[in-house]
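# Structural overview
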Amino acid sequence: MFSNTGATAYSCTKAAQLAMVKMLPLELAPSRIRVNAICPGIIETEIPDNTRKWNLESVQVPIEYSQGKVPLTGGRSGDSFDVAELALFLASERARHITGTPVWIDGAESLMVG
């Protein structure tokens with residue numbers, strides 16, 4: 001989702017990572033190395049508390065969310081354990097045929113506002 005004012009560089013690096021996830025699997029498949037991207041939505045972390053914002057009020061565009069931010073959980077954010085479970089699955093033998101795939105773990109949030 002690219003809607004956070006002041007996060008242009010951050011958004012560009014995320015887009016580059018998704019492109020890399022589409023290219024690396026072809027290069028690494030002969031070595032049986034899988035590459036996927038975990039794309040979290042709202043996850044309870046300390047990032048907002050540790051991110052400096054630089055006078056963005058004058059350029060910020062208001063965003064309206066319809067009926068809450070996370071449809072699957074009634075607005076409740078995911079947590080680091082949800083993301084860890086996905087990482088464990090993707091690293092496991094159960095995901096042996098999954099590669100080159102961005103996996104969205106956001107409770108359908110990106111489908112509403114992405």
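These lines cover the structure that appears in this document, whether it is placed above or below. For clarity, every value in this text was computed on a predicted model and none was experimentally measured.

### Focus: the layout of surface pockets
Approximately 190 Å³ is the volume attributed to the second largest pocket. Every residue lining the second largest pocket is listed: Pro25, Ala29, Arg32, Ile33, Arg34, Glu93, Arg96, His97, Ile98 and Thr99. By residue class, the composition of the lining of the second largest pocket is four nonpolar, two polar and four charged.

### Examining the pattern of salt bridges
Under the definition given, this model contains one salt bridge. A salt bridge links arginine 96 to glutamate 93; its shortest N-O distance comes to 4.0 Å.

### Details of the nonpolar core
Ranked by size, the top nonpolar core spans six residues in total: Ile43, Val83, Leu86, Leu90, Ala95 and Ile105. Of the residues forming this core, the biggest block, three residues, is contributed by helix α2 (residues 80-91). Setting aside anything within four residues of it in sequence, one finds isoleucine 43 in contact with Gly78, Asp79, Ser80, Val83 and Ile105.

### Focus on unusual backbone geometry
The backbone of arginine 32 shows a phi angle near 60°, a positive value even though the residue is not glycine. Mapping arginine 32 onto the fold places it in the loop between α1 (8-28) and β1 (36-40). Judged by relative accessible area, arginine 32 falls into the exposed class, the value being 73%. Even without glycine at this site, alanine 108 takes up a positive phi of about 80°. Here alanine 108 is to be found in the loop between β2 (101-105) and α3 (109-113). Of the residues examined, alanine 108 reaches a relative accessible area of 27% and is grouped as partly exposed.

Reading the values: the criteria
- Residues numbered from 1 in each chain as written.
- Predicted model: local features only at pLDDT ≥ 70, side-chain atom pairs only at ≥ 80, totals over all residues.
- Heavy atoms only, no water.
- 1 Å grid on protein atoms, 1.4 Å probe; cavity = no way out; pocket = protein on both sides within 12 Å on 5 of 7 lines; lining within 4 Å.
- Points joined across faces, edges and corners; volume = space filled by probe spheres on them.
- Nonpolar A, V, L, I, M, F, W, Y, C, P; charged D, E, K, R; others polar.
- Salt bridge = Lys/Arg side-chain N within 4 Å of Asp/Glu carboxyl O.
- Core = buried A, V, L, I, M, F, W, Y, C linked by side-chain atoms within 4.5 Å.
- Buried < 20%, exposed > 50% of the residue type's maximum accessible area, 1.4 Å probe, protein only.
- Helix = DSSP H or I, 4+ residues; strand = E, 2+ residues; numbered from the N terminus.
- Contact = heavy atoms within 4.5 Å.

Purely geometric stuff here, so don't read any function into it on its own.
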